[in-house]
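Okay, here's what each chain looks like letter by letter:
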Amino acid sequence: MTQTTDLIATALDAAEAAARVHSEWEGRVPVDQATLKGTADFVSRVDLDAQDAALRVIRGRFPDHEILSEEDDPQTAGGGSVSARADVPRWIVDPLDGTTNFLHRHPSYAASVGLAVSGEPVVGAVVAGATGERWWAAKGDGAFKDGTPIRVSSVQHLHLALIGTGFPFKRLAELPSYLRELDFVLPACAGIRRGGCASLDLCYLAQGSLDAFWETRLEPWDVAAGLVILSEAGGLARRKDGSRFGVE
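In this text, all values refer to a predicted model and were calculated from it rather than measured experimentally.

The helix and strand inventory of the protein stands at six helices and 12 strands. Relative to its length of 248 residues, the protein is compact, with a C-alpha radius of gyration of 17 Å against a globular reference of 18 Å. Reported as C-alpha extents along the three principal axes, the dimensions of the protein are approximately 50 × 45 × 35 Å. A separation of at least 24 residues holds for 64% of the contacts in the protein among residues at least 6 apart in sequence. Carbon and sulfur atoms make up 51% of the accessible area of the protein, which totals about 11900 Å². For the protein, the distance from the average site of its 24 positive side-chain charges to the average site of its 34 negative ones is 2 Å.

Strands pair in a sheet through their backbones, by hydrogen bonds, and they do so in one of two ways: parallel or antiparallel. Taken together, three strands build an open sheet; the order of strands is β11-β10-β12 and the sheet is parallel. One side of each edge strand has no neighbouring strand; the edge strands of this open sheet are β11 (191-193) and β12 (212-215). The mean angle between the axes of side-by-side strands here comes to 30°, regardless of whether they run parallel or antiparallel. Across four bridges, strand β10 (residues 162-166) lies against β12 in parallel orientation. Looking across to β12, one finds that I163 is bridged to A212. Packing of helix α4 (residues 175-185) onto the sheet brings it into contact with β10, β11 and β12, and relative to β12 it is tilted by some 160°. In the packing of helix α5 (residues 198-207) onto the sheet, contacts are made with β10 and β12, and the angle to β12 comes to roughly 155°.

This paragraph deals with the packing of aromatic side chains. Following the criterion strictly, the structure yields six aromatic pairs and no others. Ring geometry for W135 and Y204: centres 6.0 Å apart, planes at 80°, overall edge-to-face. Note that W135 is positioned in strand β7 (residues 133-138) and Y204 in helix α5, a separation of 69 residues in sequence. We classify W135 as buried; its relative accessible area is 0%. Among the residues examined, Y204 registers a relative accessible area of 24% and is labelled partly exposed.

Further remarks concern the packing of α5 against helix α6 (residues 220-232). Each pair of packed helices can be described by the angle between their axes along with the distance between the axes. Taken N-terminus to C-terminus, the directions of α5 and α6 make an angle of 5°; their axes are 8 Å apart at the nearest point. Looking at the two axes, α5 sits roughly parallel to α6. Contacts from A198, S199, L202, C203, L205 and A206 of α5 reach α6 at D222, V223, G226, L227, I229 and L230. Broken down by class, the residue content of the contact of α5 with α6 amounts to nine nonpolar, two polar and one charged.

Spatial strand order, β3-β4-β5-β6-β7-β8-β9: seven strands in an open sheet with mixed pairing. Because the sheet does not close on itself, it has two edges, and the strands there are β3 (66-69) and β9 (148-149). Where strand β6 (residues 120-128) lies against β7, six bridges are found, and the strand directions are antiparallel. Residue pairing for β7: V126 is matched across the bridge by W135.

Cut-off values and rules
Residues numbered from 1 in each chain as written. Predicted model: local features only at pLDDT ≥ 70, side-chain atom pairs only at ≥ 80, totals over all residues. Heavy atoms only, no water. Helix = DSSP H or I, 4+ residues; strand = E, 2+ residues; numbered from the N terminus. Rg over C-alpha atoms; globule rule 2.2 N^0.38 Å. Contact = heavy atoms within 4.5 Å. Areas by Shrake-Rupley, 256 points an atom, 1.4 Å probe, with all protein chains shown as cover. Lys, Arg positive; Asp, Glu negative; His and termini not counted. Charge placed at Lys NZ, Arg CZ, Asp CG, Glu CD. Pairing = 2+ DSSP bridges. Axes fitted to C-alpha atoms, helices over the stretch in contact; angles between N-to-C directions. Phe/Tyr/Trp six-rings, centres within 6.5 Å; stacked < 30°, edge-to-face > 60°. Buried < 20%, exposed > 50% of the residue type's maximum accessible area, 1.4 Å probe, protein only. Parallel < 35°, antiparallel > 145°, perpendicular 65-115°, else oblique. Nonpolar A, V, L, I, M, F, W, Y, C, P; charged D, E, K, R; others polar.

As structure tokens, then:
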């Protein structure tokens with residue numbers, strides 16, 4: 001397989017290419033000019049331009065790899081099959097995670113680029129253009145923020161924990177169930193934060209700024225990069241039944 005350093009460089013370069021598009025368009029796209037994909041789920045010109053920028057980097061270096069990107073046609077998945085072949089590495093891209101935040105000039109948004117092999121994330125990079133922060137990791141090589149190794153929190157007790165979450169805003173039918181979870185967690189912990197950008201939430205978890213995080217539904221492009229960053233920082237990702245959480 002291609003050397004890990006080449007894969008990390010590609011993930012970072014692709015995420016940074018997308019983040020440069022974010023910077024170019026910051027504050028220039030009104031909310032009413034975005035397209036509504038679903039309930040409170042926007043796609044903007046910025047998403048599409050950022051996707052083009054990131055995918056150009058990847059395709060220029062690894063034309064034989066598959067790509068799944070959030071804004072692509074789900075039937076083509078950026079030139080790759082939705083049911084990826086186990087023997088072909090697959091890049092999983094969110095060109096603008098936190099589109100609603102971006103449109104409202106809220107700084108919690110990022111570009112996320114991950115690489116999975118046989119459904120397992122092995123390389124990931126997340127770039128937050130608004131703050132200039134960069135996270136990356138590769139399986140077996142550790143996790144880093146701006147070149148410095150990161151590690152998950154050492155907090156052991158729930159009453160001391162700061163916990164991140166995500167609302168089920170795309171599936172409002174799940175809101176009653178989620179509110180029961182919130183009613184259980186909120187009184188038991190030190191506080192709950194909701195940033196609206198899952199890739200950043202996982203990075204904050206990896207660096208110890210959050211002690212735990214939960215969300216009821218996430219897509220592969222939301223987590224592909226963040227999962228390997230979290231894992232390499234010593235964290236665990238699990239479903240409610242305790243089974244492994246991945247990008248299959």
